[in-house]
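# Structural overview for review
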Amino acid sequence: MTELDELYQEDREPTPPPHPRILSLANQKGGVGKTTTAINLGTALAAIGERVLIVDLDPQGNASTGLGIDRRNRSCSTYDVLIGEAPLRDAVVATAVPRLHIASSTMDLSGLELELGTTPGRAFRLRDAIAALNKNAAPDTDYTYVLIDCPPSLNLLTVNAMAASDAILVPLQCEFFALEGLSQLLQTVEQVRSTLNPNLSIHGIVLTMFDSRNNLSNQVVADVRQFMGSKVYDTMIPRNVRISEAPSYGKPVLVYDLKCVGSEAYLKLATEVIQRERELRTH
């Protein structure tokens with residue numbers, strides 16, 4: 001029995017189907033573009049009419065900062081939600097982007113695993129919080145998408161995200177050890193599927209920081225497409241200085257510079273995500 005199996009043995013139970021589509025952005029490697037993708041995919045989905053909530057589960061809180069949410073305005077955070085002291089609605093704040101909201105995080109999240117210890121149902125804290133989210137909400141204030149920005153590790157926070165999600169979206173940097181990290185993540189998804197969430201699937205893999213002039217980038221793309229086939233999105237996110245600059249202004253790149261290649265790539269990715277959603281619904 002694996003460590004994950006042991007840790008969440010008592011938490012086995014079927015997942016109720018939540019109303020919004022819940023996608024986790026997960027990869028245990030840091031610096032692969034998870035937060036950047038969460039912010040900009042969320043912005044692009046909101047721009048085409050979806051009502052989107054980003055749930056920041058990373059103690060570093062970069063998704064919150066990147067959307068201009070000051071640390072002083074995070075009196076209620078995802079930490080308060082996961083320890084059971086507040087409903088998710090109380091942690092939600094509006095961003096400067098219409099139809100895009102965020103539940104911010106704080107450094108308190110880093111101690112969550114120790115704090116919850118062996119509490120029964122600890123892997124389902126986020127799932128239950130999201131399930132209550134749209135109850136009693138007016139039709140024009142409920143969310144159609146929830147995007148969960150996971151920390152760069154496979155800990156209780158990531159397990160909570162996976163247990164709550166319909167599918168995983170994996171940002172994968174075009175670099176040497178990309179496939180090695182991917183196989184580890186796929187094993188974790190499989191463990192979560194067998195113990196906590198039988199409906200979990202891989203929505204897709206988005207290749208990030210792609211540089212067409214770099215032979216290694218092109219080789220990684222070829223390897224990942226061979227290994228994962230149709231699970232890899234057609235859209236690739238290029239290396240782009242505007243994407244890197246935008247968070248320091250507290251803005252998604254789509255707001256910071258709509259015409260840059262990075263913004264165009266995220267709009268294409270949003271279109272592709274919606275297209276896959278339609279295909280999933282028709283099957």
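Residue indices begin from 1 for each chain and proceed along its sequence in written order. pLDDT decides what is reported in this predicted model: residues at 70 or higher carry local features, side-chain atom pairs at 80 or more are listed and counted, and totals for whole chains, interfaces and linings draw on all residues regardless. Derived side-chain values reflect all non-hydrogen atoms in the structure, with water molecules and hydrogen atoms excluded from consideration.

Helix and strand assignments come from DSSP, with helices taken as H or I runs of at least 4 residues and strands as E runs of at least 2, each series counted from the N terminus. A tally of regular secondary structure across the chain gives 13 helices and eight strands. For a compact globule of 283 residues, the expected C-alpha radius of gyration is about 19 Å, and the chain comes in at 18 Å, within 12% of that figure. Taking all 283 residues of the chain together, the buried fraction comes to 54%. Summarising the internal contacts of the chain: among those between residues at least 6 apart in sequence, 78% fall at separations of at least 24. All accessibility values rest on the Shrake-Rupley procedure with a 1.4 Å probe; residue burial counts only the protein chains present in the view. Total accessible area computed for the chain in this model is approximately 12,600 Å², and 52% of it derives from carbon and sulfur atoms. When charges are counted, neither His nor the chain ends are considered; positive counts come from Lys and Arg and negative counts from Asp and Glu. A single reference atom marks each charge: NZ on Lys, CZ on Arg, CG on Asp, CD on Glu. Here the chain contributes 26 positive and 33 negative side-chain charges, whose respective centroids are spaced 6 Å apart. In this description the radius of gyration comes from C-alpha coordinates, and the expected globular size is given by 2.2 Å times residues to the power 0.38. Only protein chains enter the calculation, and the probe is 1.4 Å; a residue is then buried if its accessible area is under 20% of its type maximum, exposed if over 50%, and partly exposed in between. By definition, residues are in contact when any of their heavy atoms lie within 4.5 Å.

Turning our attention to the layout of surface pockets. Over the atoms rolls a probe the size of a water molecule, and in doing so it shows where empty space is left. Using only the protein atoms, space was sampled on a 1 Å grid; points where a 1.4 Å probe fits but cannot get out form cavities, open sets with protein on both sides within 12 Å along at least five of seven lines form pockets, and lining residues are those with an atom within 4 Å of a point. Grid points are joined across faces, edges and corners, and a volume is the space filled by probe spheres set on the points. Of the voids in this model, the largest pocket is the one considered here, and its volume is about 470 Å³. What lines the largest pocket is a set of 25 residues, and nearest its centre among them are Gly31, Gly33, Lys34, Thr36 and Met209. Among the elements of the structure, helix H2 (34-47), helix H3 (62-66), strand E7 (201-210), strand E8 (232-238) and helix H11 (241-245) are those that each provide at least two residues to the lining of the largest pocket. Of all the elements, H2 adds the most residues to the lining of the largest pocket, at five residues. Three residue categories are used. Nonpolar comprises Ala, Val, Leu, Ile, Met, Phe, Trp, Tyr, Cys and Pro, charged comprises Asp, Glu, Lys and Arg, and polar comprises the others, including Gly. Taken together, the residues of the lining of the largest pocket sort by class into 10 nonpolar, 12 polar and three charged. The calculated volume of the second largest pocket comes to roughly 210 Å³. Among the elements that line the lining of the second largest pocket, the one with the most residues is helix H13 (residues 261-282), at five residues. Broken down by class, the residue content of the lining of the second largest pocket amounts to three nonpolar, five polar and four charged.

To continue, consider a nonpolar patch on the surface. The patches reported here contain residues having more than 30% relative accessible area and no salt bridge. Joining distances are 9 Å for like charges and 5 Å for nonpolar side chains (Val, Leu, Ile, Met, Phe, Trp, Tyr). Should a side-chain nitrogen of Lys or Arg be within 4 Å of a carboxyl oxygen of Asp or Glu, the pair is scored as a salt bridge. Taken together, the side chains of Phe176, Phe177 and Leu216 define a hydrophobic patch exposed on the protein surface, amounting to about 320 Å² of accessible area. As for its placement among the helices and strands, Leu216 is situated in helix H10 (residues 215-228). The exposure class of Leu216 is partly exposed, given its relative accessible area of 37%.

Our next topic: the packing of aromatic side chains. Centre distance within 6.5 Å is the pairing criterion for rings of Phe, Tyr and Trp, where only the six-membered ring of Trp is used; planes under 30 degrees apart are then read as stacked, over 60 as edge-to-face, and the remainder as tilted. Enumeration according to the criterion identifies one aromatic pair in this entry. Look at Tyr249 and Tyr256: their rings are 5.0 Å apart centre to centre, the planes differ by 25 degrees, and that puts the pair in the stacked class. Given a relative accessible area of 53%, Tyr249 falls into the exposed group. Consider the ring centre and the ring normal. A charge sits over the ring if Lys NZ or Arg CZ is within 6 Å of that centre and within 35 degrees of that normal. Against the face of Phe124 rests Arg127, its NZ or CZ located 4.2 Å from the ring centre.

Burial analysis of strand E6 (residues 167-173) places seven of its seven residues in the buried class, which makes it a mostly covered element. Residues Ala167, Leu169, Pro171 and Gln173 of E6 are buried on one face, and the alternating residues Ile168, Val170 and Leu172, pointing to the opposite face, are buried as well. Pairing between two strands is assigned when DSSP locates at least 2 bridges connecting them. With three bridges joining them, strand E1 (residues 21-25) and E6 adopt parallel strand pairing. Paired with Leu25 across the bridge in E6 is Leu169. As paired strands, E6 and E7 are joined by seven bridges and run parallel to one another. Counterpart to Pro171 in the pairing with E7 is Val206. Handedness rule for crossovers: strands pointing away from the viewer, path from the first strand over the helix to the second running clockwise, crossover right-handed. Crossover connection from E6 via helix H9 (residues 178-195) to parallel E7: handedness right-handed.

Of note in this structure, Arg99 is not a glycine but carries a positive phi near 70 degrees. Tracing the backbone through its elements, the reader meets Arg99 in the loop between strand E3 (92-94) and strand E4 (100-103). Judged by relative accessible area, Arg99 falls into the partly exposed class, the value being 38%. Located in the positive-phi region is Met209, a residue other than glycine, with phi close to 55 degrees. Mapping Met209 onto the fold places it in strand E7.

Further remarks concern the sheet that holds E7. If you walk across this open sheet you meet the eight strands as E3-E4-E2-E5-E1-E6-E7-E8, and the pairing is mixed. Of all the strands in the sheet, the pair left with one neighbour each is E3 and E8. Within the sheet, the average angular offset between the axes of one strand and its neighbour, ignoring direction, is 25 degrees. Taken together, the three bridges between E3 and E4 define a ladder with antiparallel strand orientation. Bridge pairing in E4 places Val93 opposite Ile102. Every angle, taken between N-to-C directions, lies between 0 and 180 degrees, and every axis is a line fitted to C-alpha atoms, over only the stretch in contact when it is a helix.

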